[in-house]
Amino acid sequence: MTTNDLCYLTITEAAAGLRRKDFSPVELTNSCLARIEAIDGKLHSFITLTADRALKQAREAEKELHSGNDRGPLHGIPIALKDLYATKGIRTTCHSAVLEHWIPDHDATAVAKLQEAGTILLGKLGMHEFALGGPSVDAPFPAVRNPWNTAHIPGGSSSGSGAALAAGFCYGALGSDTGGSIRTPSSHCGVVGIKPTYGRVSRSCVVPLSWSLDHTGPMARSVEDCAILLQAIAGYDPRDPASANVTVPDFRAGLREGIKGLRVGVPRANWFDENKGTDPETEAVFDNALKTLESLGAVIVEIDGKAFSIARKANQTILVCEAYAYHEKTYQETPMKFGSSVRRRMLEGAFLSAADYITAQRARTVLSEQIRANFSNVDVFSVPGAARPPEAFESMDPNEQNLRPNFTNAFNLTGLPAISVPCGFTSGNLPVGLQIAARPFEEGTCFRVAYAYEQATEWHKRRPPI
């Protein structure tokens, strides 16, 4: 097995190999570090690389595994974190000059849980500044680039997480998702990412964007790997006021049950054709994915997408209002420390009124009821991960995203779990994602549908030409 082959193992495969002693945690870590050193100069996925710490953790994991102290499937697995998760003693920047030199004295709850599971931390990953706005082109760190074509964006705001996984730099990563920031880079980079149900995973000591919309969750190269990561980080945390005190199931238990008879709702009417509409090539790839689901026994049900479409307006109003509220003091005192994209979005929040915010929250209640009412006729929703392929940096229009449907916001507004899984490529060899959303706290259903599709196709096995 070559170094690159080692780097592209799934967590499931790597965990099995560690227990067979085919390789060690140190070998896995060295392979990742060597690939990062060789390639990341083109991608800029890492802001802070913690090589010495990672190798120390790898040696400790190796000793523990050899002595029979096995913490589970993540023990000895190298991972990386979006740079808004607080990490004790390690710089946490949010890709911004505002926090460029901040070194927390504490770990986020999700980070601590991954440490308890025996993971190895390779470092902190680039993102959109404060998870707001577009690629951070005027931040103190370079914008992350897409491994499938470095002239194109990787999607955001968990851009470094998507790029690092696609490039074979780590086996799993954490992202955050307020309007699509796990699922969009997963779609654009050809990896898997799940936004769990609101409250399923603690956000304690994760720098917020929008308190009532923020979700934290895992990204990986396979559906089962995402299930393994979610298993480790899910659960009630009294330090997060929004944390849900609900039972955490075995997320892998139903992976292989199949989807025969499962009703897949496609909210196409009044949504896919919004403004400029969905990119035709993207929609064609998505429709082929639906045919695969049908071949596996699912029943496709076309439903009205009007409420899903309107949800975007409420989501964006709430998001920018809460973002401005969090950053107001810093923004007023040192506005030029923020990048131009974030400053522009902050102004949107600054000029909205309390009435605007309250109206959006009231609309949220109504729209959530309308969207969830569809579950009387379907079991899951399915839409593309993104309405168009990842744009080129050079020709990117910041207003373009507002002229296409947004297939992610609705599931932040409603708090429903949603996963993106690779489902094909455009003629320009850019990835397309298939998104599946389910009832609250039914992440297992998302995993089951995504796994059935993944195992019936080969898209997740492709590697970018970098």
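Throughout what follows, the structure given in this document is the object of discussion. (Residues numbered from 1 in each chain as written. Predicted model: local features only at pLDDT ≥ 70, side-chain atom pairs only at ≥ 80, totals over all residues. Heavy atoms only, no water.)

1. Thoughts on the sheet that holds strand 9 (residues 380–384)
In a beta sheet, neighbouring strands are held together by backbone hydrogen bonds and run either parallel or antiparallel to one another. Here 11 strands make up an open sheet; going across it, the order is 1-3-2-4-6-5-10-11-9-7-8 and the pairing mixed. In the strand order of this sheet, the two ends are held by strand 1 (46–49) and strand 8 (299–304), each with one partner. With strand direction ignored, the average angle separating the axes of adjacent strands in the sheet is 30°. Here strand 4 (residues 172–177) pairs with strand 6 (residues 215–220) via 6 bridges, running antiparallel. (Pairing = 2+ DSSP bridges. Helix = DSSP H or I, 4+ residues; strand = E, 2+ residues; numbered from the N terminus. Axes fitted to C-alpha atoms, helices over the stretch in contact; angles between N-to-C directions.)

2. Looking at the nonpolar core
In this structure, V223, F381, I419, L434 and F447 are the most contacted members of the largest nonpolar core, which totals 131 residues. When residues of this core are assigned to their parent elements, the largest contribution, 10 residues, is made by helix 10 (residues 306–333). Residues in contact with V223, not counting those within four places in the same chain, are V192, L255, I419, V421, F447, A450, Y451 and E454. (Core = buried A, V, L, I, M, F, W, Y, C linked by side-chain atoms within 4.5 Å. Buried < 20%, exposed > 50% of the residue type's maximum accessible area, 1.4 Å probe, protein only. Contact = heavy atoms within 4.5 Å.)

3. Concerning the pattern of salt bridges
Within the structure shown, the criterion is met by 19 salt bridges. A salt bridge links D70 to R19; the shortest N-O distance between them is 2.8 Å. Within this pair, whereas D70 is found in the loop between helix 4 (51–66) and strand 2 (78–82), its partner R19 is found in helix 2 (residues 11–20), the two being separated by 51 residues in sequence. Residue R19 is classed as partly exposed on the basis of its relative accessible area of 32%. In this structure, a network of salt bridges that share partners links the residues R268, E283, D287 and E302. (Salt bridge = Lys/Arg side-chain N within 4 Å of Asp/Glu carboxyl O.)

4. Notes on the packing of aromatic side chains
Going through the model one piece at a time under the given rule, you end up with 16 aromatic pairs. Taking 6.2 Å as the distance between ring centres and 70° as the angle between the ring planes, the aromatic pair formed by F308 and F411 counts as edge-to-face. Residue F308 is located in helix 10, and its partner F411 is located in helix 13 (residues 409–414); the two are separated by 103 residues in the primary sequence. Exposure remark for F308: the relative accessible area of 1% places this residue in the buried category. Stacked on the ring of F393, the Lys or Arg R145 has its end atom at 4.2 Å from the ring centre. (Phe/Tyr/Trp six-rings, centres within 6.5 Å; stacked < 30°, edge-to-face > 60°. Lys NZ or Arg CZ within 6 Å of the ring centre and 35° of its normal.)

5. Some details on the layout of surface pockets
As a volume, the second largest pocket reaches approximately 470 Å³. What lines the second largest pocket is a set of 25 residues, and nearest its centre among them are T10, E13, S222, H460 and K461. Counting only elements with at least two residues in the lining of the second largest pocket, the list comes to helix 2, helix 8 (223–233) and helix 14 (443–456). Taken together, the residues of the lining of the second largest pocket break down into 8 nonpolar, 7 polar and 10 charged. (1 Å grid on protein atoms, 1.4 Å probe; cavity = no way out; pocket = protein on both sides within 12 Å on 5 of 7 lines; lining within 4 Å. Points joined across faces, edges and corners; volume = space filled by probe spheres on them. Nonpolar A, V, L, I, M, F, W, Y, C, P; charged D, E, K, R; others polar.)

6. A short note on the environment of R145
Here R145 is to be found in the loop between strand 3 (120–125) and helix 6 (159–166). Sequence-distant contacts of R145, that is, excluding residues within four places in its chain, are made with K42, L43, T150, A151, H152, P154, A163 and F393. Separated by 2.8 Å, the side chain of R145 and the backbone oxygen of T150 make a polar contact. (Polar contact = N/O pair within 3.5 Å; in protein donor to acceptor, adjacent residues only side chain to side chain.)

7. With respect to the side chain of E454
Note that E454 resides in helix 14. Buried charge E454 goes without a salt bridge, the closest partner of opposite sign being R256 at 8.2 Å. Of note is the side chain of E454, whose polar atom sits 3.0 Å from the backbone nitrogen of V223. Setting aside chain neighbours within four positions, we find E454 in contact with V192, R221, S222, V223, V421 and H460. (Lys, Arg positive; Asp, Glu negative; His and termini not counted.)

8. Observations concerning empty space enclosed by the protein
Under the definition given, this model contains 3 cavities of 30 Å³ or more. The space that makes up the largest cavity amounts to roughly 60 Å³. Elements that contribute at least two residues to the lining of the largest cavity include exactly helix 4, strand 2, helix 5 (109–116) and strand 3. When residues of the lining of the largest cavity are assigned to their parent elements, the largest contribution, 3 residues, is made by helix 5. Taken together, the residues of the lining of the largest cavity break down into 6 nonpolar, 3 polar and 1 charged.

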